[in-house]
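Chains, contacts and geometry: an overview
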Amino acid sequence: MATSIFLTHPLSPFSPLPKHHKIPTPKQTSPIASYHSIKHIKPNKPTTKTPFPSFPNSLFPFPSQSKKQFKPISVGRTQTDEKDEILVGEDSAEFELSKQKISSWVYFGGILGVVLYALNVIWIDNSTGFGKSYIDAVSTISDSHEIVMLSITLIFAIVHSGLASLRDKGEELIGERAFRVLFAGISLPLAVSTIVYFVNHRYDGVQLWELKSIAGLHELVWFSNFISFFFLYPSTFNLLEVAAVDKPKMHLWETGIMRITRHPQMVGQVIWCLAHTLWIGNSVAVAASIGLIGHHLVGAWNGDRRLAIRYGEAFEVVKKRTSVLPFAAILDGRQKLPEDYYKEFIRLPYVSITALTLGAYFLHPIMQAASYRLHW
């Protein structure tokens, strides 16, 4: 999998919030006025336009700006509820079928086909691509599969996080869509190489432990891998933005999985790595896990840094009521879950993730056979 490697790149225009999210009326302004932590927020000057419609200043404590305004949204409670919280971020994984354009998804399918064809010709196919040459070049560093595995992961991490850090400047120079194409065009081949090398050499290291015979371990590992995919970062679901059909945006998410942890991609990758390392039990698996987890820890720090630059004090509000450690903000009272919180997961993106994860599990033998044929 490598949760991040398959889908770390940042489904469609945002649709209205669910019924339990209500726009405050004048009678509900008292909770807003009493929410001191965001009373005088002045977000940094943004670089992209807000995905939300304009909002009356009389109900909103932020100053009016022509770009990237954050609109408070009352989360499914009555005006007399003192626990009323105000969202300054966006609703995660929201998808409304009635608002989709068939032409956009046809365009997406065409782009996907072209990308997969080009990836195969330019990188994967050993007779025409550069993938094998890249692996052979990195393998000259050492005869140790562990060192090569770490090196390949490190190269991917530097390129992926480095380009992410250059996003603001890059989008200013060449535009959002062009930068997304550049980002994916460089990151995707390196991600494929990292996955293929891990699949082909995962049993080539020194065996450190052998626990496969323990009753229930297979079920534990399977369940852990399955759950890890539900920690995908919400931007992953915006497929039309991922493919640059819609203009890519840097989102400030606040609902759904973000209530559990502010860095779900990192948490999901840690779960996936621990499960696979426990099952495989050798030095190559340990090396891969160290590289991937390290990459995501740096990515979590870098992600917070970039959001702070883009969103200013609005991000600080989200940061104060979320946590990196799963459930920490909920347990210490900083995060208030709506009574119908479960509805934030009963959405098409998570139904799709369930189907794709189960499908990938049953297709493992086919995926592994395809990887072995590359001889990377």
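What counts and how
- Just so you know, the residues in each chain are numbered from 1, in the order the chain's sequence is written.
- With the structure being a predicted model, the display of local features is reserved for residues of pLDDT at least 70 and the display and counting of side-chain atom pairs for 80 or more, all residues being used for whole-chain, interface and lining totals.
- Only hydrogens and water are removed before side-chain values are computed, so all heavy atoms of the structure are retained for them.
- When a carboxyl oxygen of Asp or Glu is within 4 Å of a side-chain nitrogen of Lys or Arg, the pair counts as a salt bridge.
- Counting from the N terminus, the helices are the DSSP runs of H or I reaching at least four residues and the strands are the DSSP runs of E reaching at least two.
- Only protein chains enter the accessibility calculation, which uses a 1.4 Å probe. A residue is then buried if its area is under 20% of the maximum for its type, exposed if over 50%, and partly exposed in between.
- Paired rings are identified among Phe, Tyr and Trp, the last through its six-membered ring, by centres lying within 6.5 Å, and are further divided according to the angle between planes into stacked (under 30 degrees), edge-to-face (over 60) and tilted (the rest).
- Only when the NZ of Lys or the CZ of Arg is both within 6 Å of the ring centre and within 35 degrees of the ring normal is a charge said to sit over the ring.
- As used here, the arc is the angular range of directions from the helix axis to the C-beta atoms.
- Should any heavy atoms of two residues lie within 4.5 Å, those residues are counted as being in contact.
- By the criterion applied in these results, polar contacts are pairs of N or O atoms within 3.5 Å in which, for protein atoms, one can donate a hydrogen and the other can accept it, and in which residues neighboring in sequence qualify only through two side-chain atoms.
- pLDDT expresses how confident the predictor is about each individual residue, on a scale running from 0 to 100.
- Given the number of residues in a helix, its expected span is that number minus one, multiplied by 1.5 Å.

1. Regarding the pattern of salt bridges
Within this structure, the stated rule accounts for 12 salt bridges. In this structure, the salt-bridge partner of E171 is R310, at a minimum N-O distance of 3.9 Å. Placement of the pair is E171 in helix α6 (residues 167-174) and R310 in helix α11 (residues 283-311), with a sequence separation of 139 residues. Pair check on accessibility: E171 and R310 agree, each one buried. Across the pair D304 and R262 runs a salt bridge whose closest N-O atoms are separated by 3.0 Å.

2. Overview of the packing of aromatic side chains
Each aromatic ring pair is specified by the distance between its two centres and by the angle formed by the two planes. Under the definition given, this model contains 11 aromatic pairs. Between Y341 and F345, the aromatic rings sit 5.4 Å apart at their centres with planes inclined by 90°, giving edge-to-face as the arrangement. We classify F345 as partly exposed; its relative accessible area is 23%. Pairing Y361 with F362 gives two aromatic rings, centres 5.3 Å apart and planes at 75°, and the pair type is edge-to-face. By relative accessible area, Y361 is classed as partly exposed at 33%. Every member of this aromatic cluster is reached through a ring pair, and the members are W222, F226, F230, F237, Y341, F345, Y350, Y361 and F362. One cation-aromatic arrangement involves K212 over W279; the distance from NZ or CZ to the ring centre is 5.6 Å.

3. Regarding α6
Listed in full, the buried residues belonging to α6 are R167, G170 and E171. Summarising the axial view, the buried residues of α6 lie within an arc of 100°, below the 170-degree limit, and thus occupy one face. Along α6, exposed side chains directed more than 90 degrees from the buried face belong to K169, E172 and L173. The inward-facing, buried residues of α6 contact α5 (145-165), α7 (176-201) and α11. Two residues or fewer past α6, G175 is found with a positive phi of approximately 95°.

4. Describing the environment of R334
When you line up the elements, R334 lands in the loop between α13 (328-331) and α14 (348-362). A C-alpha to C-alpha distance of 9.0 Å links R334 and S323, two positions 11 residues apart in sequence. Not counting residues within four places of it along the chain, the set of residues in contact with R334 comprises K319, K320, R321, T322, S323, A328 and A329. In this structure the side chain of R334 is engaged in a polar contact, spanning 2.7 Å, whose partner is the backbone oxygen of K320.

5. Focus on the confidence of the model for the chain
This prediction gives the chain a mean pLDDT of 83; 77% of its residues lie at or above 70. Long-range and interchain partners of residues 1-84, a stretch whose pLDDT sits below 50, account for 200 contacts in this model, where long-range means more than four residues apart.

6. A look at helix α8 (residues 217-228)
Between its first and last C-alpha, α8 extends 16 Å over 12 residues, near the 16 Å set by a 1.5 Å rise per residue. Three or more residues of α8 are buried, namely L217, V221, S224, N225, F226 and S228.

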